[in-house]
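For reference, the chains in residue letters:
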Amino acid sequence: MTPTAGPAQGNHRATYREVLAEPRFWLLFSTRAVSITADALRITTFSVLVYSSTGSALLSAVAFGTGFLPQLFGSLLLGSLADRLPPRALITGGYAVTCAAALLLALVRMPIAASLAVVALVSLATPVFHGASSRLVAQSLKGDAYVLGRSLNNIAGAGAQLFGLALGGAAVAALGPRRALAVSALLYLGCALAVRIRLPRLRPTEYGGTPGGAVGERGAVRASLQGAGLLLRGRTVRRLMLAQWLPPAFVAGAEGLIVAYAGERHFAPGWYAVLMGCLPVGMLVGDLLVGRLLRPRGRERLVVPLTVLSGLPLIGFAAQPGVGVSSCLLLLAGFGYAYGLGLQRPFLDALPPEGRGQAFGLLGSGSMTLQGVGPVCLGSVAAGLGTGGAIAVAGGAVTLTAGWMLTWHRAGREPSRTTIPASTTAFS
């Protein structure tokens, strides 16, 4: 069956060339890729800085993850701003604030608690900036072009993250952690200037804002909480969000055990890095092939089979396979990640136009939070079942999620769009 929120609106297959030819998308896409590189550089470098200052592995791990969990709270408390404020100001301000935070960490020797607080505060506002950017992408790309735009973002995001991690290691070795943080600040500054100069200033009617609407802090929080509640109470939107949250969270939990699995199986040094690289390689190949070769309805029909493919190979780790088989299993699991492309258009169709920015911010922050929780939960399972058994449990959980998706009612049993009344999105 096809787990969609409504009938597919046409079956035209767009091309990556068409998507990249859209000027607004190209600007947002390229600056986002650079900012992801800067994010990876900043996060790893900050973790190294904390470890070199304290010698504490725990604080280093906290420094690595402190930018993730606050995003969910930021989405719940401030998410409505993504739909109410001018996007050029929001996106430029987001990059500028992140640049300032990186410079602060690089130039000022603060207590560790203060440094962690700076990173947490910036991440609190991250869903607002990203929500505004995602809303503009949805307005700029129509139909299948939007799905391919999401595919390109996934591909570029994975590549930029890998490049940022490598750049972080090289920058720390060559410059030291503080100067490496300054490099990330320069990348953020470049993104802010590019958006400020090249993105046109939009009228409120072009981005959904309220002309002359005053934004009060208490009104913004109340509107954000009410908007998030209404989005999650809508069965279609809630299902489609969970479908995009749960499999990546389980797979991230399995991914977090790869180093320990390689150690338990006494693989040669360095093989853990090869195994960890198999998942993103499979994701890149899956997104390219599914996005380029299949028509929209074909992608939507394959949502459940591809979800099964992302989980079923992981169950094979219960047999404690060697390096070669493990690599193949992880490549297949990564390929199955392309299931998400078949959910993009139904998810967009199910959203109210006046709440898309908040919905995109909530989608991203919820996914990041659960992917941070996944390794902790699977690590606890590994204490009893071993790493191979815990990875298999993760694969089983993904497969069960696919079974749940198969039970969804067909289109027409419920409204396809959540309606957010104007009173909940206005600021008072």
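Every value quoted in this text rests on a predicted model; they were computed, and no experiment measured them.

**Q** Is there a simple way to think about the overall build of the protein chain in this case?
**A** Along the backbone of the protein chain there are 20 helices and zero strands. Taking all 428 residues of the protein chain together, the buried fraction comes to 51%. Of the contacts formed within the protein chain by residues at least 6 apart in sequence, a portion of 87% connects residues at least 24 apart. Total accessible area computed for the protein chain in this model is approximately 18,200 Å², and 67% of it derives from carbon and sulfur atoms.

**Q** Help me understand helix α14 (residues 271-293) in this model?
**A** Since there are 3.6 residues in each turn of an α-helix, residues three or four apart along the chain are aligned in direction. End to end, α14 covers 33 Å across 23 residues, agreeing with the expected 33 Å (1.5 Å per residue, within 8%). Along α14, the helix axis deviates most sharply at C278, where the bend reaches about 25 degrees; the proline P280 sits within four residues downstream. When we look at burial in α14, the residues that qualify are L275, C278, L279, P280, G282, M283, G286, D287, V290 and G291.

**Q** I would appreciate a short explanation of the pattern of salt bridges in the present structure.
**A** Note on pairing: side chains with opposite charge can pair once their charged atoms come close. Counted under the stated rule, the structure contains four salt bridges. Here R42 ties to D39 by a salt bridge, and the two come within 3.8 Å at their closest N and O atoms. In this pair, R42 and D39 both sit in helix α2 (residues 23-54), three residues apart, roughly one turn of the helix. Here R42 falls in the buried class, since its relative accessible area comes to 14%. By relative accessible area, which is 19% here, D39 ends up buried. Between R299 and D144 there is a salt bridge, and its shortest N-O distance comes to 2.5 Å. With a gap of 155 residues between them, R299 in helix α15 (residues 296-301) and D144 in helix α8 (residues 144-175) connect regions that are remote in the sequence. Given a relative accessible area of 3%, R299 falls into the buried group. Each of R32, D39 and R42 takes part in salt bridges that share partners, so that together they form one network.

**Q** In this structure, what is going on with the packing of aromatic side chains? I would like to understand it.
**A** The geometry of two aromatic rings is summed up by the distance between their centres and the angle between their planes. Throughout the structure, instances matching the rule amount to six aromatic pairs. Both rings, one in F25 and one in F29, keep their centres 5.5 Å apart while their planes meet at 20 degrees; by these two values the pair is stacked. Here F25 and its partner F29 are both found in helix α2, four residues apart, which amounts to about one turn of the helix. There is no split in this pair, since F25 and F29 are both buried. Here the aromatic residues F25, W26 and F29 are joined through ring pairs into a cluster of three or more.

**Q** Looking at this structure, I do not really get the environment of A350. What am I missing?
**A** Examined against the element boundaries, A350 turns out to sit in helix α18 (residues 341-350). The exposure class assigned to A350 is buried, which follows from its relative accessible area of 0%.

**Q** What is the right way to look at the nonpolar core in this model?
**A** Across soluble globular proteins, you tend to see nonpolar side chains buried next to one another. Of all hydrophobic cores here, the largest spans 58 residues; its most connected members are I91, M241 and F347. Per element, the largest residue contribution to this core is seven residues, and it comes from α8. By size, the runner-up hydrophobic cluster in this structure holds 24 residues, among which are L257, I258, Y261 and L275.

**Q** How should I be thinking about empty space enclosed by the protein in this particular structure?
**A** The method is simple in principle: a probe with the dimensions of a water molecule rolls over the atoms, and the space it marks as empty is what remains. Under the counting rule described, the total for this entry stands at two cavities of 30 Å³ or more. Of the pockets and cavities examined, the second largest cavity occupies roughly 30 Å³. Those elements that place two or more of their residues in the lining of the second largest cavity are α6 (87-107) and α7 (112-140). It is α6 that provides the largest number of residues to the lining of the second largest cavity, a total of four residues. In terms of residue class, the lining of the second largest cavity is built from six nonpolar, one polar and one charged.

**Q** For this particular structure, what's the right way to read unusual backbone geometry?
**A** In terms of backbone geometry, most residues other than glycine have negative phi values and most peptide bonds are trans. Its identity as a non-glycine residue notwithstanding, H266 has a phi of 60 degrees, on the positive side. Counting through the fold element by element, H266 comes out in the loop between α13 (258-264) and α14.

**Q** Help me understand the packing of helix α4 (residues 69-78) against helix α19 (residues 356-406) in this model?
**A** Angle between the axes and distance between the axes: these two values describe a pair of packed helices. Look at α4 against α19: their axes get within 8 Å of each other, and the N-to-C directions meet at 155 degrees. For the element pair α4 / α19, the angle class is roughly antiparallel. Of the two possible hands of crossing, α4 and α19 adopt the one that is left-handed. Mapping the contact onto sequence places L69, Q71, L72, S75 and L76 in α4 and Q358, G361, L362, S365, G366, M368 and T369 in α19. A breakdown of the residues in the contact of α4 with α19 according to their chemical character gives five nonpolar, seven polar and no charged.

Cut-offs applied
Residues numbered from 1 in each chain as written. Predicted model: local features only at pLDDT ≥ 70, side-chain atom pairs only at ≥ 80, totals over all residues. Heavy atoms only, no water. Helix = DSSP H or I, 4+ residues; strand = E, 2+ residues; numbered from the N terminus. Buried < 20%, exposed > 50% of the residue type's maximum accessible area, 1.4 Å probe, protein only. Contact = heavy atoms within 4.5 Å. Areas by Shrake-Rupley, 256 points an atom, 1.4 Å probe, with all protein chains shown as cover. Expected span 1.5 Å × (residues − 1). Bend = angle between axes of the 7 residues up to and from the residue. Salt bridge = Lys/Arg side-chain N within 4 Å of Asp/Glu carboxyl O. Phe/Tyr/Trp six-rings, centres within 6.5 Å; stacked < 30°, edge-to-face > 60°. Core = buried A, V, L, I, M, F, W, Y, C linked by side-chain atoms within 4.5 Å. 1 Å grid on protein atoms, 1.4 Å probe; cavity = no way out; pocket = protein on both sides within 12 Å on 5 of 7 lines; lining within 4 Å. Points joined across faces, edges and corners; volume = space filled by probe spheres on them. Nonpolar A, V, L, I, M, F, W, Y, C, P; charged D, E, K, R; others polar. Axes fitted to C-alpha atoms, helices over the stretch in contact; angles between N-to-C directions. Parallel < 35°, antiparallel > 145°, perpendicular 65-115°, else oblique. Left-handed = near helix turned anticlockwise from the far one by under 90°.

These results come straight from atomic positions and should not be treated as a statement about function.
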